[in-house]
Amino acid sequence: MPIVFEDNHRCEKCMRRFNWIYFRSARSKFGSGLPVAETLPTLPTAYRVESLENDTYKIYINCPHCGYDNRFDYKK
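Below or above, wherever it landed, is the structure these notes cover. Here the structure is a predicted model, which means the values were calculated and not measured.

**A few points about the pairing of strand β5 (residues 69-75)**
On a regular strand, each side chain points to the face opposite its neighbour's, so the side chains alternate between the two faces of the sheet. Here β5 shows a buried face lined by Asn-70, Phe-72 and Tyr-74 and an unburied face lined by Asp-69, Arg-71, Asp-73 and Lys-75. Note: strand β4 (residues 56-62) against β5, seven bridges, orientation antiparallel. Of the residues in β5, the one forming a bridge with Ile-61 is Asn-70. Following β4, the chain reverses through six residues before pairing antiparallel with β5; Gly-67 in that reversal takes a positive phi of roughly 85°.

Next up, the structure:
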């Protein structure tokens, strides 16, 4: 499972820190052979990533402690 981003963030509501990741699952064409099963990561995962400019991305992730919807800029 190719992890694209991996970092930690402090929740904007409850102020607790948590590690998060963003990954892309491997894609294959239908009928290209046997599918490869991969384990899903257990860390909180960004559900949306938008590219801004100069290796900067807008990250959307829910806090695993309080469920708050965090939105922040991330520079790779």
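We are not done yet, so read on.
**Concerning the sheet that holds β5**
Strand order in the open sheet formed by three strands is β3-β4-β5, and the pairing between neighbours is antiparallel. In the strand order of this sheet, the two ends are held by β3 (48-51) and β5, each with one partner. Averaged over all pairs of adjacent strands, the angle between their axes in this sheet comes to 20°, without regard to strand direction.

Rules used throughout
Residues numbered from 1 in each chain as written. Predicted model: local features only at pLDDT ≥ 70, side-chain atom pairs only at ≥ 80, totals over all residues. Heavy atoms only, no water. Buried < 20%, exposed > 50% of the residue type's maximum accessible area, 1.4 Å probe, protein only. Helix = DSSP H or I, 4+ residues; strand = E, 2+ residues; numbered from the N terminus. Pairing = 2+ DSSP bridges. Axes fitted to C-alpha atoms, helices over the stretch in contact; angles between N-to-C directions.

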